Amino acid sequence: MDFLKRYPKYAQFILLLIIFFALYLTVIPSETNILWRLPALFAGVPGGINWFAEHLMYDWFPVEVYDPELEEYETSALVRELTRGFSRGVLFCIEFVREILLGGVKTIVAFTSWDFVGENEWAVWPALPWTVVLGGAILLGYALRGKGLALLAGLAIAYIAIFGQWEPAMETLSFVLIAAPVSCLLGLFFGTVAYKSRTAETILLPLLNVAQTMPHFSYLIPVMVFFGVGDHAGAIATIIFATPPMIRLTLLGLKRVSPEVVEAGAMTGCTNAQMMLKVLIPTARRDILIGTNQVIMQCLAMAVIASFIGAKGLGFNLLLALNQLRIGQALELGICIVLIAVVLDKLSLAWANKQTDYFADDNFVQRHKYGIFFVILLTICVILSFIGKLIFGGGINFFHLIPHNQGITTEPFWQAGVDSDG
Amino acid sequence: MSSQISVENRAKPVIKCSSVYKVFGENAKKLLAQSNGRIDAKIFKDAGCVVGVNNASFEVYEGEILVVMGLSGSGKSTLLRCISRLTDTTAGDIFIDGQDLLAMTSKQLIEVRRNKMGMVFQNFGLLPHKTVLENIAFPLQVKGKSTDESMKRALEMVELVGLDGRENYFPRQLSGGQQQRVGIARSLAVEPDIWFLDEPFSALDPLIRKEMQDEFLRLQGVLNKTILFVTHDFNEALRLADRIAIMKDGVIEQLDTPANIVLRPATEYVRKFTEEVPREKVLKIESVMEPAVDQSLLGPLQVSKDAIIYMVAEAVLTEPKHVAVVNDNGDIVGSIHASKIITMLFGQTGAYDDKA
């Protein structure tokens, strides 16, 4: 006894052992014995959730909506209409960016109708020649940082164009250019809310834990149920997935701002908004920029997964290449994704770190030199693409758009490795 | 400078605190109401409360440097933050230029801070993403001044604190002393009437600290602000202050001129501080001089009444006659004899009196 008194941990351990063996010997192994197997108490729950989702999306709260294509009213569920409306909004944004880069009619259709586009042949948004995007990226890199970034951006875009991945790459880019800013803004918003209110923080943190530990694929089904299939669904899944790290890093950054900086802001007479926008967020910039970097990386990581629910672009092609074991093509596509990620990340970083020169006494041309350069570039490249039309005749205009898989490729080289083994 | 504060100024204090209490903890207000203003530290501690400031009442007059001195944890920074309303005061009243600070709405408070107050922080509190110039211009831009105007003013401030040529440096590219100069310039950019300094030189090494103290006195000579200066360095307090408030455990133990604090410590705690201080290095001639004697007894030597005894002791000791003590205008206001200095340096400290 003296031994057990001196080591109470051993006493506990021995007691637990005794209880264990007592239970082991007394509990009878039988399916009806509650102590042996817990009855399926929650058996109905998955079915219930299923029924609930279906009811919500098809039956609950029916409303009359006008369908412009059928030109008549029809009944639909409220939630379904709301989510469809939201999807259409997201899709419109993605299509808008996509058509600036690749051309198309959907944006024009959104403002008019399919009939209008059908009747008027001119009503097509022309694609931006890839040379403009290349020049624009170089210009942007130079304006934001300097020669190094200009070179990186130029090489990346040139690689994508020359290797014939232009169209899927621009599809992915349009998808990321919507998903990433939305994720950043949402993350900043929720991060600042969590910083301001302790209640919001205690609610958000466990949600973030769940969101970040959940496998990527598990987002896809609920998103598909509520928002359907397509680029918008991919973007929504991506936003849900990319926002948590941004929230977390925003919160972390804001919390790390030294109290003296906050006090200094208060003593200079900042209002709440000035405090947040001019003192806290810029001071926490380092962490917030890591957040945006994470968002961009997550968006491109999701590019492939989102292709399962209909997101077009590099991810979808990668999925196909994977299914067909086309290792060379998969490699080239993978490099494209990485290049887009790196360029976007560096550009956003350079943009955030850009300094203002207060002493520059510039005239109009100097102040708007990059804008003017871009207009000149646009003109030259458009002329070039018309010249290309003349040179290549009815064939592919390489000065305008390089179609998918019409560029140079290293695929046979890699494929040889797979085939010879097989 | 204390003697220069006129009677009218005393009637209208710039900062007036009466029975200010700051107690940290959840039930602070209730406990304070129960205790009726008499704080028993033990009861508060048992209730999980920490007393920051305990019944502080004092006034700061226009153009005066009041130094709040105390060891860490004595509540000096808390007191400063109560007066700048960076923390909420638990009880008591604070008036800034006669306005009730604690009753102000947040809008009024912002106005007061934008126009009347400037503050310098121990670790500078600079915005890391802004250059020197942008940091200094920041309070002006917050006020809504145009970029041109605020930059022009910021350039003036850069010149005032001697940072010319470093306008476009970032805080991280500057040394501690230079960063604090930026902090000082920023706090002065809006031309505040009241200047709060929270241990501004404590993070600097001794040589730079001395230099910055000189700089501070030079600036105050030019600007003549009402200053509340917090420090834990007694020598710094003696050097800069018109009056010193010594704090211990949230209580102001003594509030008086440096000479009086050294000569007549009010409590045992204050006495301990002053014990180590060489008096001749702190006291001005003014505090040991005697009434002016007849012209015939005066030697040719004249010393300023603001001169530190130590600095002029040798000259006075070699003068056989009485030495004339003059004010800034050259008028004779008193006299001093070598024998007085000898007593001062080697004799009993209680043997002379303060005439300030």
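Residues numbered from 1 in each chain as written. Chains lettered and ligands numbered in written order. Predicted model: local features only at pLDDT ≥ 70, side-chain atom pairs only at ≥ 80, totals over all residues. Heavy atoms only, no water.

Student: Mind showing me how you'd approach the overall build of chain B here?
Tutor: When helices and strands are counted, chain B shows 15 helices and 13 strands. Expected size for 356 residues packed as a compact globule is a radius of gyration near 21 Å; at 22 Å, chain B falls within 12% of this value. With the C-alpha coordinates of chain B rotated into their principal frame, the extents come out at 65 × 55 × 40 Å. For chain B, the residues scored as buried account for 53% of the 356 residues in total. Distance between charge centroids for chain B: 5 Å, based on 42 positive and 47 negative side chains. (Helix = DSSP H or I, 4+ residues; strand = E, 2+ residues; numbered from the N terminus. Rg over C-alpha atoms; globule rule 2.2 N^0.38 Å. Buried < 20%, exposed > 50% of the residue type's maximum accessible area, 1.4 Å probe, protein only. Lys, Arg positive; Asp, Glu negative; His and termini not counted. Charge placed at Lys NZ, Arg CZ, Asp CG, Glu CD.)

Student: Sorry, what's going on with the domain arrangement of chain A here?
Tutor: One frequent convention defines the size of an interface as the accessible area lost when the parts assemble. Residue and element names in this part refer to chain A. Taken as a whole, chain A is organised into domain 1 (62-119) and domain 2 (130-358 + 369-421). Of note, the centres of domain 1 and domain 2, computed from C-alpha atoms alone, are 25 Å apart. Each side of the interface is counted separately: domain 1 has 12 residues, and domain 2 has 19 residues. A buried area of about 1,400 Å², summed over both sides, lies between domain 1 and domain 2, and 74% of it is on carbon and sulfur atoms. A per-residue breakdown of the area domain 1 buries against domain 2 is headed by R98, L101 and L102, which together make up 41% of the total. Linking domain 1 with domain 2 are one salt bridge. (Domains from an automatic or database assignment. Contact = heavy atoms within 4.5 Å. Buried area = accessible area lost by both parts, 1.4 Å probe. Salt bridge = Lys/Arg side-chain N within 4 Å of Asp/Glu carboxyl O.)

Student: Before we go on, may I ask you to explain the pattern of salt bridges in this structure?
Tutor: Between side chains of opposite charge, pairing is possible as soon as their charged atoms come close. Residues and elements named next belong to chain B. What the rule picks out here adds up to 20 salt bridges over all chains. Between K210 and D214 there is a salt bridge, with its nearest N and O atoms 3.6 Å apart. You can see K210 and its partner D214 sitting in helix α9 (residues 206-223), four residues apart, about one turn around the helix. Taking the relative accessible area as the measure of exposure, K210 reaches 43% and is therefore partly exposed. A single network of salt bridges, built from pairs that share partners, joins R181, E211, E215 and R218.

Student: It is not clear to me how the domain arrangement of chain B should be interpreted in this structure. Could you clarify?
Tutor: Partitioning chain B into structural domains gives domain 1 (2-11 + 60-116 + 192-277) and domain 2 (284-351). Here the C-alpha centroids of domain 1 of chain B and domain 2 of chain B sit 30 Å apart.

Student: Would you mind going over the side chain of T89 of chain B with me for this structure?
Tutor: Take T89 of chain B: it is sitting in the loop between α4 (76-83) and β4 (91-96). T89 of chain B has contacts with V20, Y21, K22, K29, C82, I94 and L102 of chain B, leaving out every residue within four places of it along the chain.

Student: Explain the packing of helix α6 (residues 132-143) of chain B against helix α7 (residues 147-160) of chain B here, please?
Tutor: When two helices pack together, their arrangement is given by the angle between the helix axes and by the axis-to-axis distance. All names here are of chain B. Packing of α6 against α7 leaves a shortest axis separation of 8 Å and a crossing angle of 125°. Classified by the angle their axes make, α6 and α7 are oblique. Considering only the axes of α6 and α7, their crossing is right-handed. Contacts between α6 and α7 involve V132, L133, E134, I136, A137, L140 and Q141 from the former and T147, S150, M151, R153, A154, L155, M157 and V158 from the latter. Residue classes in the contact of α6 with α7 are distributed as 10 nonpolar, three polar and two charged. (Axes fitted to C-alpha atoms, helices over the stretch in contact; angles between N-to-C directions. Parallel < 35°, antiparallel > 145°, perpendicular 65-115°, else oblique. Left-handed = near helix turned anticlockwise from the far one by under 90°. Nonpolar A, V, L, I, M, F, W, Y, C, P; charged D, E, K, R; others polar.)

Student: Honestly, unusual backbone geometry in this entry has me stumped. Any pointers?
Tutor: A negative phi holds for most residues other than glycine; trans holds for most peptide bonds. Residue and element names in this part refer to chain B. Here the phi dihedral of E191 falls at roughly 55°; this positive angle occurs in a residue that is not glycine. With respect to the helices and strands, the residue E191 is situated in the loop between α8 (176-188) and β7 (194-198). Non-glycine residue E199 carries a positive phi angle of around 45°. Tracing the sequence through the fold places E199 in the loop between β7 and α9.

Student: How should I be thinking about the state of the cysteines in this particular structure?
Tutor: By definition, a disulfide links two cysteine residues through a covalent bond between their sulfur atoms. Residue and element names in this part refer to chain A. All told, the structure shown has zero disulfides over all chains when counted by the stated rule. The thiol sulfur of C336 is not disulfide-bonded, and the nearest other cysteine sulfur, from C299, lies at 18 Å. Judged by relative accessible area, C336 falls into the buried class, the value being 0%. (Disulfide = S-S within 2.5 Å.)

Student: Sorry if this is basic, but what is going on with the pairing of β7 of chain B here?
Tutor: Both faces of the sheet carry side chains from a regular strand, because those side chains alternate between them. Residue and element names in this part refer to chain B. With five of five residues buried, β7 lies mostly within the body of the structure. The alternating pattern of β7 places I194, F196 and D198 and W195 and L197 on opposite faces, both of which are buried. Here strand β6 (residues 117-120) runs beside β7; their pairing, made up of four bridges, is parallel. Across the sheet, G118 pairs through a bridge with W195, a residue of β7. Each parallel crossover has a hand, and for β7 linked through α9 to strand β8 (residues 226-231) it is right-handed. (Pairing = 2+ DSSP bridges. Right-handed = clockwise from strand over helix to strand, strands pointing away.)

Student: I tried to follow the sheet that holds strand β12 (residues 322-326) of chain B on my own but got confused; where do I start?
Tutor: In a beta sheet, neighbouring strands pair by backbone hydrogen bonds and run either parallel or antiparallel. Residues and elements named next belong to chain B. The strand order across the open sheet formed by three strands is β11-β12-β13, and the pairing between neighbours is mixed. Each edge of the sheet is formed by a strand with only one pairing partner; in this case those strands are β11 (298-304) and β13 (332-336). The mean inter-strand angle of the sheet, taken between neighbouring strand axes irrespective of direction, is 35°. Sheet topology note: the β11/β12 ladder contains four bridges and is parallel. Counterpart to S304 in the pairing with β12 is V326. Contacting β11, β12 and β13, helix α14 (residues 309-317) runs over the sheet at an angle of about 175° to β11.

Student: Would you explain empty space enclosed by the protein in this entry?
Tutor: Over the atoms, a rolled probe matching the size of one water molecule traces out where space is still vacant. Throughout the structure, instances matching the rule amount to one cavity of 30 Å³ or more. By volume, the largest cavity is sized at about 70 Å³. Contributing to the lining of the largest cavity are A264, M267 and T268 of chain A together with M117, G118, M119, F121, P139, R186, S187 and V190 of chain B. Elements supplying a minimum of two residues to the lining of the largest cavity: α13 (259-267) of chain A together with β6 and α8 of chain B. Residues belonging to the lining of the largest cavity are distributed by class as follows: seven nonpolar, three polar and one charged. (1 Å grid on protein atoms, 1.4 Å probe; cavity = no way out; pocket = protein on both sides within 12 Å on 5 of 7 lines; lining within 4 Å. Points joined across faces, edges and corners; volume = space filled by probe spheres on them.)

Student: Even after reading the chapter, I still don't get helix α2 (residues 28-35) of chain B, so can you show me in this structure?
Tutor: For an α-helix the count is 3.6 residues per turn, leaving residues at separations of three or four pointing the same way. Residues and elements named next belong to chain B. Burial in α2 covers these residues: A28, L31, L32 and S35. Along the axis of α2, the buried positions cluster into a sector of 100°, meaning they face one direction only. Relative to its buried face, α2 has exposed residues pointing more than 90 degrees away, namely K29, K30, A33 and Q34. In this structure, the buried side of α2 is in contact with β1 (15-24), α3 (41-46) and β4. Looking one or two residues past α2, N36 carries a phi angle of roughly 60°, positive in sign. (Arc of directions from axis to C-beta.)

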